[in-house]
Structures are given as structure tokens and as C-alpha cells.
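Read off the chains here:
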Amino acid sequence: MTESGTTAPQSPVAQTIDLLGDRLTLAILREAFVDHARRFSQWIDRTGAPPAMLTARLTALVEAGLMERRPQQNGGDRHDYLLTELGMATWEILASVWAWQREWSPEGLVQPELVHIDCGHRGPPALMCGHCGRAVGTRDAQLELDRASLVLVARSGRRRSTRNAPSVSRVDLQFTEVMEAIGDRWSAMVTGLALSGVRRFGEFQSILSISPTTLTERLGRLSEMQILTRSERGGGREYVLTPRGRGLFPIFAFLLSWTELAHPDALPLGPRLRHPDCGSWLLPALRCRGCEVAMERTSVRFEPFPFGTRLPR
Ligand SMILES: [Zn+2]
Ligand SMILES: [Zn+2]
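Thresholds, definitions, all that
- Residues numbered from 1 in each chain as written.
- Chains lettered and ligands numbered in written order.
- Predicted model: local features only at pLDDT ≥ 70, side-chain atom pairs only at ≥ 80, totals over all residues.
- Heavy atoms only, no water.
- Helix = DSSP H or I, 4+ residues; strand = E, 2+ residues; numbered from the N terminus.
- Buried < 20%, exposed > 50% of the residue type's maximum accessible area, 1.4 Å probe, protein only.
- Contact = heavy atoms within 4.5 Å.
- Polar contact = N/O pair within 3.5 Å; in protein donor to acceptor, adjacent residues only side chain to side chain.
- pLDDT = per-residue confidence, 0-100.
- Donors = N, O, S within 2.8 Å, 3.2 Å for Na, K, Ca; no water.
- Tetrahedral: all angles 85-135°; square planar, octahedral: opposite > 155°, others 65-115°.
- Salt bridge = Lys/Arg side-chain N within 4 Å of Asp/Glu carboxyl O.
- Axes fitted to C-alpha atoms, helices over the stretch in contact; angles between N-to-C directions.
- Parallel < 35°, antiparallel > 145°, perpendicular 65-115°, else oblique.
- Left-handed = near helix turned anticlockwise from the far one by under 90°.
- Nonpolar A, V, L, I, M, F, W, Y, C, P; charged D, E, K, R; others polar.
- Phe/Tyr/Trp six-rings, centres within 6.5 Å; stacked < 30°, edge-to-face > 60°.
- Lys NZ or Arg CZ within 6 Å of the ring centre and 35° of its normal.

## Observations regarding the overall build of the chain
Turning to step 1, where the next piece is worked out: Counting secondary structure elements, the chain contains 13 helices and 11 strands.
Turning to step 2, where the next piece is worked out: In the chain, which comprises 313 residues, the share counted as buried stands at 49%.
Turning to step 3, where the next piece is worked out: Counted over contacts in the chain with a minimum sequence separation of 6, partners at least 24 positions apart contribute 72%.

## Let's talk about the side chain of Arg218
Turning to step 1, where the next piece is worked out: Following the sequence through the fold, Arg218 ends up in helix 11 (residues 212-224).
Turning to step 2, where the next piece is worked out: Judged by its relative accessible area of 8%, Arg218 is buried.
Turning to step 3, where the next piece is worked out: A polar side-chain atom of Arg218 sits 2.4 Å from a polar atom in the side chain of Glu217.

## With respect to the confidence of the model for the chain
Turning to step 1, where the next piece is worked out: For the chain, the mean per-residue pLDDT works out to 83, and 83% of the residues sit at or above 70.
Turning to step 2, where the next piece is worked out: Predicted confidence in the chain is weakest over helix 7 (residues 147-155), with a mean pLDDT of 67, and strongest over helix 5 (residues 85-88), with 98.
Turning to step 3, where the next piece is worked out: Ignoring residues within four places in sequence, the model shows residues 1-7, a span with pLDDT below 50, making 10 contacts including any to other chains.
Turning to step 4, where the next piece is worked out: Of the regions scoring below 50 in pLDDT, residues 307-313 engages in 11 contacts with residues more than four places distant in sequence or in other chains.

## Points about the coordination of the zinc ion (ligand 1)
Turning to step 1, where the next piece is worked out: Donor atoms from the polypeptide that bind the zinc ion (ligand 1) are Cys129 (SG), Cys132 (SG), His275 (ND1) and Cys278 (SG), placed at 2.0 to 2.4 Å.
Turning to step 2, where the next piece is worked out: The class for Cys129 is buried, based on a relative accessible area of 0%.

## Here we look at the coordination of the zinc ion (ligand 2)
Turning to step 1, where the next piece is worked out: At 2.0 to 2.4 Å from the zinc ion (ligand 2) lie its protein donor atoms, namely His116 (ND1), Cys119 (SG), Cys288 (SG) and Cys291 (SG).
Turning to step 2, where the next piece is worked out: Coordination at the zinc ion (ligand 2) is tetrahedral: its four donor atoms span angles of 102 to 116° at the metal.
Turning to step 3, where the next piece is worked out: Positions of the donor residues of the zinc ion (ligand 2), expressed as sequence spacing, correspond to H-x2-C-x168-C-x2-C. Taken together, the residues His116 in strand 3 (residues 113-116) and Cys291 in the loop between strand 10 (284-287) and strand 11 (300-303) connect sequence positions 175 residues apart.
Turning to step 4, where the next piece is worked out: Its relative accessible area of 0% is what places His116 among the buried residues.
Turning to step 5, where the next piece is worked out: By relative accessible area, which is 30% here, Cys291 ends up partly exposed.

## Structural notes on the pattern of salt bridges
Turning to step 1, where the next piece is worked out: As enumerated under the stated definition, the model contains 21 salt bridges in all.
Turning to step 2, where the next piece is worked out: With a closest N to O distance of 3.2 Å, Asp80 and Arg39 form a salt bridge. Note that Asp80 is positioned in strand 2 (residues 79-83) and Arg39 in the loop between helix 2 (23-34) and helix 3 (40-47), a separation of 41 residues in sequence.
Turning to step 3, where the next piece is worked out: A relative accessible area of 7% means that Asp80 is categorised as buried.
Turning to step 4, where the next piece is worked out: A salt bridge links Arg122 to Glu113, with the shortest nitrogen-to-oxygen separation between them at 3.6 Å.
Turning to step 5, where the next piece is worked out: On the basis of relative accessibility, which here comes to 9%, the residue Glu113 falls in the buried class.

## Describing the packing of helix 6 (residues 91-104) against helix 13 (residues 249-262)
Turning to step 1, where the next piece is worked out: Close contact between helix 6 and helix 13 brings their axes to 9 Å; oriented N to C, the two are set at 165°. With respect to helix 13, the element helix 6 is oriented roughly antiparallel. Like other packed secondary-structure pairs, helix 6 and helix 13 cross with a definite hand, here left-handed. Here helix 6 contributes Glu92, Ile93, Ser96, Val97 and Trp100 to the contact with helix 13, which in turn contributes Pro250, Ile251, Phe254, Leu255 and Trp258.
Turning to step 2, where the next piece is worked out: Each residue belonging to the contact of helix 6 with helix 13 can be placed in one class, and the counts come to eight nonpolar, one polar and one charged.

## Focus on the packing of aromatic side chains
Turning to step 1, where the next piece is worked out: Inspection of every chain in the model, using the stated rule, returns three aromatic pairs.
Turning to step 2, where the next piece is worked out: Between the aromatic rings of Trp43 and Tyr81, the centroid separation amounts to 6.3 Å while the plane-to-plane angle is 70°, which identifies the pairing as edge-to-face. Taken together, the residues Trp43 in helix 3 and Tyr81 in strand 2 connect sequence positions 38 residues apart. With respect to class, Trp43 is no different from Tyr81; both count as buried.
Turning to step 3, where the next piece is worked out: Of the aromatic side chains, those joined through ring pairs into one cluster are Phe33, Trp98 and Phe302.
Turning to step 4, where the next piece is worked out: The lysine or arginine in question, Arg274, covers the ring of Trp281, its NZ or CZ lying 4.3 Å from the ring centre.

Encoded structure:
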């Protein structure tokens, strides 16, 4: 895992993990969605992030096409940062992250809640297949693996280490637990493979071409975080997803589908999800648990928690 500086082609999936597998970036997007933050000072105020770090993340979001920088009406050389359509399209990823946090993490209570405007239902949505309209559980979808593409994910380009990034410790932007699963490429791939049914150490290792040391470390961390659990079966050690780990499935499904949106011209590089029930690629979508209708971005509202009040500092 020391390929920084190589000329390997960029894997779209790797770019997505690098961009969105970051606590501050998720916090920036959250404030943009929930509080309609658009100014540098608003994010400084809400996240407490060091200015240089915030600048770097906003620049990355602009370069990746999720935000656009626009001069303020009367602000001299100041700019607003506005979500583009591609940025808006991350709402299902964010909603899935929040839903997971609310269900599985003590930090979750500070995450926003999704409200379906059409029926008034509030609470986490269900995952459905947009092609056939059926509800989708972890076991209802298959991850199609192209091994070469997985290696490409791991090796492509240069990656930023989020693990060693300075902690941004304001209580309302903690995504610590979910970042153990999506915060770097190896963890994301190990979790993704586990979601696709891979269980044995040797299988993870041969698919990912990962060093035993790195794999042991990631499997250990994911087990500590109760995303995986170790079991001895048939003389071999297996790593099986816990319910908490299986709950990550919608996040991965939306990360993959957003990647296709963000890289429409890319060759089909990387893992894809198939929905055997309808024989099609899984088109992940969110369904309201109140009225059972597919949710659109324009039919939902994000409410901060506690409702309508600012978080204590
Ligand atoms: Zn389907
Ligand atoms: Zn509804």
C-alpha cells in the first residue's frame, strides 16, 4: 500500500472513497443540506474546522464538481459555495450515513433526521430497487467482482490519509464510527467484500492482493468496531458481518451508484451490484417507511437534532 506517486489510472470508486470518506467533508455537506450553509464563515462557525483544512475540503468539492464557487452579490472578493446537481445527488449517501449512525452509534442522535414532506413521516427510510420497486436487504443483492478493478481501487493514484488527519472534534460532526468502514480504501474494500459474502482471511487476501499485516490490522479494527465478528468454523477463522455491519449496505450501494453518476464516461471499473430478483443492476433508491413511496430529493426535508435548535457547543 505504498503506491503513492505511481501513474496507475484513477479508479472512480477510489476517488469517491477518497473524497467522501472524510468526516469534515460529510459535515460540510450536511450543513449545506440541513442549514443551507454556503459561506466559508458559516462552516467555520458550525464545524469549528481550522480554516486551511476547510479551504482544502471546499476546493476538493469544487474540483470534483459537487460545489460551485460563485462571487457574492456585494461581497468584493468573497465567494459562496453552492451545491451543484452532482453535489445534491449525494443526499442519499448522507441520508444513509445518518440513518446508520442513528441506529448503530451513540453519536447518531446528533445527526439530522429525514422527513418525508409528502406524508409527514420522519425517520430512516428503507432501501429499494429503483428498477423493480422491491425492498432490498443485504442478502437480496450481489456484488459483482472484477478482481482487477479492486486492485485498481487499492492502488490508483495518491491517496490522502484520513486516519492521521487532525481531529475535528466538535461534537456535531463526529462520524468516527462510520469512518472506520468508509474512511479509507482498504477498510472500505474489506467491508464491501464482506457485504458481498467473502468471509475467509485467505479469500480477502487473494482478492485484494493486500499484505497480511494490513489485512490483519483492518480486520482487527472492523472487529473491534463490531462491524465484523470472528468465528472459528470448519478449522478456519471466518469474519462475518454483524447486524451493525450489514446495516452499512445502503451506504455502499449509494456510494457505488453515485460514482457512476460522477464518472459517466468511465469504463465500468469496479464493483457493481446486481439485483437477482429483477435480473438487473441494482438501482438503489430510498423508500419512505410511512407511505411506502420512493423518495425524491425534493420530497424530503432534513431536520437538525434536537428539532429546530442549535447544538450545544
Ligand atoms: Zn430490482
Ligand atoms: Zn412517506
